[in-house]
Amino acid sequence: MTAEAHPALAFHLTGTRPDGDASDPASLALCPALLRNFLDLRELRYDYPLVLVDTEGEAAIDSLCEIVNRVLRSIAPRGLDGERVRRNVLAVESAIRDLVSTRQDLLLSAAFDEAADRQLARPDRSAEDRELLLKDIVRARRELGADGRLVGCGAEATRAVVEHIFRRVERQRSRAAFLQIERAIHRLRGLLRCDDLRSRDGRGPTALRNAVGTSFESELDFDKLAEYLPSTKAESRLPRERRRRIESALAVLEGQRFFSPDGEGAYDFECTSCREALDRHDQRLPAMVDLARAIRVAELELDNAYCAEIHDPYLASFDRSSLNSQDASLFPAYLVDVDGDGIGPEEKAALIGALSSNLPFKILVHTNDVFREPRIGDDGDFGAWNLGLARMASGLGSAFVVQTTSSHVYAVRDGIAEGMTRRGPALFRTAAGAAPGHSSISPYLVSASATESRAFPTFIYDPAAGEELSGHFELDANPQPERVWPVSELSYEDCDRQRVVDDLEFTVVDYLAADSRYARHFMALPAGDWDASMVPLAEYLGGEDADTTGRVPYIWMVDRNEVLQRVVVARGLLEAAKRCERDWRSLQELAGVRTDRVRRLIEEAQREWEKQSMGQGEIAPNGADESPTSLDSAAVAAKAAGNDRSPDEPFIETVRCSTCDECVNRNNKMFRYNQNKQAYIEDLNAGTYRQMVEAAEACKLALIHPGKPWNPDEPDLDELMRRAAPFI
Amino acid sequence: MTASELGPSGSADGGSPLRAPIETVEAHIVEVISDSGEGAQKCAQAFATVSAKTGNGVWTVEIIPAEIQPPARSIAGASGNRIRIGSHDVTNGGDAADLILAFNDQVLLGRVRAGELRPGCIVLLESKWKDDSDPDVAKQYNDAIEYLTREGYRVYEIPIEAECLKYVANPKRGRNMFALGILNSVYGQDTELSCDHIRYTFAKKGDDVVDGNIELLEAGYRWARDNLDIRFCVPPSSTRERQIVVNGNTALGLGIMASGMEVCSMYPITPATSASHYLSDVFRKAGGTVHQAEDEIAACCFAIGASYAGKCAVTITSGPGYSLKQEALGLAVMAEIPLVVVNVQRGGPSTGQPTKVEQGDLLTAVFGSHGDAPKIVMAAASIEDCFYAMITARKLAELYRTPVIVLTDANLATAQQPIPRPEFRAEWAAPPFDQSPVGDDSAPYDWDPKTGLSDRFLPGRPSGMHTLTGLAHDRHSRVAYDPEINHEGLRRRSLKLATFQKALQTPRVHGDREGDLLVVGWGSTKGAIEEAVDRLRSEGCSVSSLHLKFLQPMASGLGEILRRFTRVMTVEISWCDDLQEEMIDEDNRRYSNLAWLLRGRYLVDVDCWSEVKGQPIKPGSIARAVRARLDDLHSPNSRVG
Amino acid sequence: MLGFPNQCSLVANGERYAVADYESGVPRWCSGCGDHGILGAFQRLCRDEQLPPEKTVFVSGIGCSSRFPHYMRTYGFHGLHGRALPVAEGIKLRRPDLHVFVNTGDGDCCSIGTAHWIHAIRYNMDMTVVMHDNQIYGLTKMQMSPTTPKGLKSNTSPRGAYLDALNPLTTTLGVSNVSFVAQAVDWIPSLFQEILSQAFHHKGFSFIRVLQRCPNYLPTLFDSMMHEPSRTLILWHEQGLARDPELARVYDRQIEHDPSDIARARELASDLEVAPVGILYRNEQVPCYEDVRRSDQLQTPEMIEAALNEEFDNFTVEPVRQAETAEGE
């Protein structure tokens, strides 16, 4: 079997192609078949560009596409002119997209106006058409809503979105904390002022004169007024060290620089490495400890709950170790923007340290590439660390994790916001999909296909979402999460002009085929050389038991003139594809996604269980209420008492006692109230059977059952027994 | 020719030069009246503000018809203001008007009949009625002109409407601005001040209204300059620090804000409600809340609840409301809950005269509520007092754990006067309420043995738990079953008042420290009494006056003052029988409120005189009455006082 | 405070309040009086909720029931006849931190205090109001009250009360802003306890009418209801009272009633033969007056000064130095 006879198999096995043969996808400018329809983004509507909204109370991140939909819903009526309005506004939208593709500093309002002018200025518009367009534009402009900065898809945009959400959440937290501290300061000052007013000069003539209206000063003799005021007792004044404690706590609260009314504290909480963040945190720790201590003192003093024996030692030994998770949630969080492509070993350690602490470190790790072939000297397989970072972080148990490609940032914006708001550490692992310049398709498409092809799945891990682990993972942002590879329809014409619609998996290899750096692993094969040994890649991968001997995996690609080509994949690349598939399956299991394999297992178990249970017969359904009949009062009481008590033993249905004092007033030794203030029989010997019977008769609810006399030599027992009969 | 005479902004069209010389006067009383809704009040208030800005003392009195919308051109339907401007502080509305500008002859006759115009008073009358389409109206007008001239009034007929029609289509709207222009010209005032006032007042109505009004103002100014031969100058007073022009009710609202009280609980009642209107607008800025309750009793109980659990609260009402609150005030006295109660007195009894002034509630304030319920009772004597009384009342209420009643009246409520702009002091504001734990052996009513004073147990103070009650109770607020405890409670609460009395200064006598006659007053009559006394003293009479701000308790030293005068009388707007009456003698004569108190307290045969006509008493009337008492004193067969 | 949930706070007073910690003095009600039961229920509520005594205020008017505050070791306000509600509103407006309860009788609330009762419902301030309805004036020795059944003889209706009784439940359910109406009977303590607890947790004006025995003047008034279980209709619902099979042994008539259904509640409330016991109506959406009026600004002297000066500026008259007065040509 020679290379010429089976060029495909040879290339697949050895990765070498006949020399001089430019059959790699880059030189042939091939594009993965399923991506063909998305090449020209200008015609398409998708999340980007995004709008970073500042106005309070509005959502932090909005999408131009969503905004336009909302506008159209409110101004575009049904019918023909509705169509016109829709067409005009969508034209403006795509004009905005063009603007954003080149400029990153545009405000939505400004971009809308510029795009509108462009549309109006188009020469091919009739005057009447232009006039209608202007009307639609004006109406749309009014409905635009909250303004904000526009960001296109790309590394800068992803960073900007995450930072924007961080700052919004932190501003809100800082304002809320500031208001709380302001309130505490106000009440502590009030405490001191109350004490001053009880002091001697607080009640002295000068203070009294100042406290009275000017035009009445001449009416009063303030020395006499002060003289007769009762001198406040010493102990009603604040003890000296309590006042000192309040004053020092007040000083700390007033001097704090973590929070401010506009939400911008004095410290900078944004850094570019975990190391730097940890250092800054350590530097600020003493100030945090002081503030946390002062808050505790304030809370205790304002609740009049400070007692020296317990709290003095506690506060004296109060240090960084005493800070708990509530403190962590009070103090501002840190945003650490780590360049994923350049993480050194020391930063990796700091990263893990930060994620496993309970400190509020919000760490953004962004990489352009998702994949990179391992190079000698590289510490471990770059791909594994990068891909695995997010899953590893989720393993730490305390960190909130969001992994997303730039394209899917909008889809998981709520997850990002939750990660920012939540107490404790959070990891935001983002990837652009591929370093720029290596791919013929647009950055958005590269990024989207990274998620589509499971190369870089988008998921959220929330450690606090319910008990089971599966509840913590959320994979909804990935297409068809229950499948290994997502399937899309590919429609094409076969050689005899028949239209064919095929379901085609989009695998990680299809994604890599668009990247020129991996072109050498692919070889396009002219139709003539196609033979039976060639098999679609997904099928070739098809799980562990697939028989791959002598089979050649290929993927579909399209050339410039729309002709489908089979492209053989070299074995070297399949290793990476298998690992990617394995990672995705484990993610599915972690997220409790009912993959078909899992479904099969469940069905088997169910069949097993039914077979087994048929043998034991019916399980009785749960008990039904018996229906009591209506009875008169004494009988009612007896019925209620239940029949487990012997009739001759006196007792009270304590749980139904309405505390009416009738029995307790008769003999408070024999009848007592329990800790629920409901009567019970305390001591029979402390009373007579007569009292018991009288009590039974007096009790309106007939809760007292006298039973049989316990002291035979009491007078006229039989008459009492007769009276006791209805209450037995 | 000074710039201001050229008329506003130099747009004079070279009209004929002024003919009459300018007459300088010490003070002048001006009235502007019309049918209600024709803007006489807006014109008058603008004139008052401009006069104050020119440096004059000012006092305005509202002229209000009884009904909301009386029929047009009805004698009793006059609506407008009296504005008294002077070179020095003006403290009351004075006697009779020196100049009156009337929009129709009927309302003018109303003022003549009420004796409100000085003989020879200048009358500026809208002349459009002269040839009115309705012959009766024209006849009424001409008859009035003839009557007024005959009576010696200096009548000027002014074609206000005709002039206004040159500038606006609907003169009804702008006529009062034309009138303002006339007054500015007559009193030599800079019209730019009026323009500022118009811009501020009509800002909400838009530029065209403002410009229209200014145009009419200048037209009025020019017309008067060219056609009237009367010109006055009231020189401004010398020292001028910054002032605010407010009426008494607004001053109450500002005072409540300054006092740091956080709850004002009220129920709508004339004439007190305008204080709550103002407060509802601005109290929020000072951290306060105005609560309108479902009725007067609820308003008082709500305030008691708020006071009991936090800072002292205030409730504002008038006579009828004060009567309804009596039981609740008794509870506040018995349970010693601080409370400020403002009673803006009005004509009584019963519904009486809601918009009119009277001082008939003093005895109710001092002795009101069944049983022995001692309260501090104060009375504001000026607009300035209305502001400072709130601060003082709050402090005294909290110091002495008692309700403090502040009496004002309809006169103070609506009168406007420039007063020195108060400088806020932090001590005015009520301190935060005390939530510190209570000492073990102390009690909710730890009455100081000598003074009856004690510290409050506010809810929230640990181990201070007790049940406040209106029942007679002991120092632990436990219901008293043995007679001793009730006695002790009454004694302690009375001691508190005696203790406060010790801290009162003897008020200053206005005039010589002794003499033939002492006139004693309280409340809003201070200005009129002192003006009358000054007049009489300038005529050589030996008369002085004394004005009380604290009515319960009253300051020590008053007895000595009364005994230094041969005769003592009170002047109050509250009914007293006249000895001249055939049926009245010493055994059945009923005295005015304060007279009773002074007679009872100091065993001095205090006489009293009053005019209870719903109007502020004029200094002239007081002077006449006092002069009569003096003549009576010196005549040989005077009755032994 | 400061967003610290209290289980983290270091408040040292570890010991829990027991029922006895809320008792104060010996109640001076007749023995057998329903007020004892209501007192016991409130003391159990305070213990269950561990309410700090100093942060709890019981407000009452005048009458047997209104002696209530004297027997609770919390702050109490034993006020004027019929005027408990406005006092409670005044307390609540300035002190939302205090737990405010009101005890009022049928005369106190539905006769002299009617105006305040109607408006208190409309204000919907956050407080729990228990109306002890013994359907007679007890303290003043047996006069008929608005809820006294027609024909019942009393010192002021010796030949029988003239008119049909007023129905406090339908009246309350008829006022706008009503947010919580329940009826209890003092002889079924377990139900009353549950109703009281739900009333306490309801944010708003919780009105509970309690049919309360007066053994001294109307010893047999409620006998037929107590001994014919069919005359008591217990309302259960997963949003209202839970089903109690134990109680069903005695009081078998139990129906499911959704507390948000005001029409059905009014229907049930107007049935004079069968007394509904449970939560008749509850609506958590009705705004509370103290929230509507509250401003979260902290009143400081500086704030007052600023507000005052801003107002003074509106009225200030700057003295205009008149260059030269108008005299002389």
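The structure we're discussing is the one just above.
Just so we're clear, the structure is a prediction, and the values are computed from it rather than from any experiment.

A. View of the overall build of chain C. Summing up its helical and strand segments, chain C has 11 helices and 10 strands in all. Across its three principal directions, the C-alpha atoms of chain C cover 105 × 55 × 40 Å. Relative to its 329 residues, chain C shows a buried fraction of 57%. When contacts within chain C are restricted to residue pairs at least 6 apart in sequence, those whose partners lie at least 24 apart make up 68%. Just so you have it, chain C exposes about 12500 Å², and 51% of that area is on carbon and sulfur atoms. Between the mean site of the 29 positive side-chain charges and the mean site of the 41 negative ones, chain C shows a separation of 9 Å.

B. Quick look at the interface of chain C and chain B. Taken together, the contact between chain C and chain B spans 61 residues of the former and 76 residues of the latter. A buried area of about 6200 Å², summed over both sides, lies between chain C and chain B, and 61% of it is on carbon and sulfur atoms. The three residues of chain C that bury the most area against chain B are Y75(C), R94(C) and V317(C), which together make up 12% of that side's buried surface. On the surface where chain C and chain B come into contact, there are 4 salt bridges.

C. View of the pattern of salt bridges. Counted according to the given criterion, the structure contains 103 salt bridges over all chains. With a closest N to O distance of 3.1 Å, E116(B) and K618(B) form a salt bridge. Note that E116(B) is positioned in the loop between α2 (105-113) and β6 (117-126) and K618(B) in the loop between β22 (607-609) and α20 (619-634), a separation of 502 residues in sequence. The exposure class of K618(B) is buried, given its relative accessible area of 17%. Ionic pairing is found between E157(B) and K130(B), a salt bridge with its closest N-O pair at 3.2 Å. On the criterion of sequence distance, the pair formed by E157(B) in strand β7 (residues 154-158) and K130(B) in the loop between β6 and α3 (135-150) is long-range, its members being 27 residues apart. Here the salt bridges share partners, and the residues they tie into one network are D195(A), D196(A), R198(A), R237(A), R243(A), E247(A), D434(B) and R461(B).

D. Focus on the sheet that holds strand β2 (residues 50-53) of chain A. Residues and elements named next belong to chain A. Spatial ordering of the open sheet is given by β3-β2-β4, a layout of 3 strands whose pairing is antiparallel. At either end of the open sheet lies a strand with only one pairing partner, and these are β3 (61-63) and β4 (148-151). Taking each pair of neighbouring strands and ignoring which way they run, the sheet shows an average axis angle of 30°. Where β2 and β4 come together, 4 bridges link them in antiparallel fashion. Each residue of the ladder has a partner; that of L52, found in β4, is R149.

E. Region of interest: the packing of aromatic side chains. Residues and elements named next belong to chain A. Summed over the entire model, instances satisfying the criterion amount to 42 aromatic pairs over all chains. Taken together, a centroid distance of 6.2 Å and an interplanar angle of 45° make the contact between F258 and F259 tilted. Judged by relative accessible area, F258 falls into the buried class, the value being 3%. Joined through ring pairs, the aromatic side chains of F258, F259, Y267, F269, F331, Y334 and F361 make up one cluster. Across from the ring centre of Y46, 5.0 Å away, lies the NZ or CZ of R97, which sits over that ring. Lying over the aromatic face of Y306, R245 brings its terminal NZ or CZ to 3.5 Å of the ring centre.

F. Inspection of the state of the cysteines at higher detail. Tallying each qualifying case throughout the model produces 0 disulfides over all chains. Of the cysteine sulfurs around C30(C), a residue in no disulfide, the closest is that of C33(C), at 6.1 Å.

G. Highlighting the sheet that holds strand β5 (residues 270-271) of chain A. All names here are of chain A. Taken in spatial order, the 7 strands of this open sheet run β5-β6-β7-β9-β8-β10-β11, and their pairing is mixed. The open sheet is flanked by β5 and β11 (473-474), the only strands paired with a single partner. Summarising the sheet, strand β8 (residues 400-405) and strand β10 (residues 459-461) pair through 3 bridges and their orientation is antiparallel. By the bridge assignment, V401 is partnered in β10 with Y461.

H. Inspection of the interface of chain B and chain A at higher detail. Facing the 40 residues of chain B at the interface are 30 residues of chain A. Across the interface of chain B and chain A, roughly 3100 Å² is buried in total on both sides, 60% from carbon and sulfur atoms. Where E217(A) meets R425(B), a salt bridge forms, and the shortest distance between an N and an O atom there is 3.1 Å. Counting across the chain B and chain A interface gives 15 residue pairs in polar contact (both at pLDDT 80 or more).

I. A look at the side chain of S574(B). On the secondary structure map, S574(B) appears in the loop between β21 (565-571) and α19 (593-602). Contact partners of S574(B), with chain neighbours within four places excluded, come to Q359(B), G360(B), S592(B), N593(B), S610(B) and V612(B).

J. Spotlight on a positive patch on the surface. All names here are of chain B. On the surface, a cluster of positive charge is contributed by K42, R173, K204 and K205. Tracing the chain through its elements places R173 in helix α5 (residues 171-186). A relative accessible area of 63% places R173 in the exposed class.

K. How the structure looks around the nonpolar core. Of all hydrophobic cores here, the largest spans 120 residues; its most connected members are L253(A), I363(A), V508(A) and Y511(A). Per-element accounting of this core gives the leading share, 14 residues, to helix α11 (residues 274-302) of chain A. Excluding residues within four positions of it along the chain, I363(A) makes contact with C274(A), V336(A), V338(A), L351(A), A354(A), L355(A), A426(A), L427(A) and F428(A). Judged by nonpolar contacts, the second largest core, of 92 residues, contains L233(C), L280(C), Y281(C) and Y289(C).

Here is what the cut-offs are and how they apply
- Residues numbered from 1 in each chain as written.
- Chains lettered and ligands numbered in written order.
- Predicted model: local features only at pLDDT ≥ 70, side-chain atom pairs only at ≥ 80, totals over all residues.
- Heavy atoms only, no water.
- Helix = DSSP H or I, 4+ residues; strand = E, 2+ residues; numbered from the N terminus.
- Buried < 20%, exposed > 50% of the residue type's maximum accessible area, 1.4 Å probe, protein only.
- Contact = heavy atoms within 4.5 Å.
- Areas by Shrake-Rupley, 256 points an atom, 1.4 Å probe, with all protein chains shown as cover.
- Lys, Arg positive; Asp, Glu negative; His and termini not counted.
- Charge placed at Lys NZ, Arg CZ, Asp CG, Glu CD.
- Buried area = accessible area lost by both parts, 1.4 Å probe.
- Salt bridge = Lys/Arg side-chain N within 4 Å of Asp/Glu carboxyl O.
- Pairing = 2+ DSSP bridges.
- Axes fitted to C-alpha atoms, helices over the stretch in contact; angles between N-to-C directions.
- Phe/Tyr/Trp six-rings, centres within 6.5 Å; stacked < 30°, edge-to-face > 60°.
- Lys NZ or Arg CZ within 6 Å of the ring centre and 35° of its normal.
- Disulfide = S-S within 2.5 Å.
- Polar contact = N/O pair within 3.5 Å; in protein donor to acceptor, adjacent residues only side chain to side chain.
- Patch = residues over 30% accessible without salt bridge, like charges linked within 9 Å, V, L, I, M, F, W, Y side chains within 5 Å.
- Core = buried A, V, L, I, M, F, W, Y, C linked by side-chain atoms within 4.5 Å.

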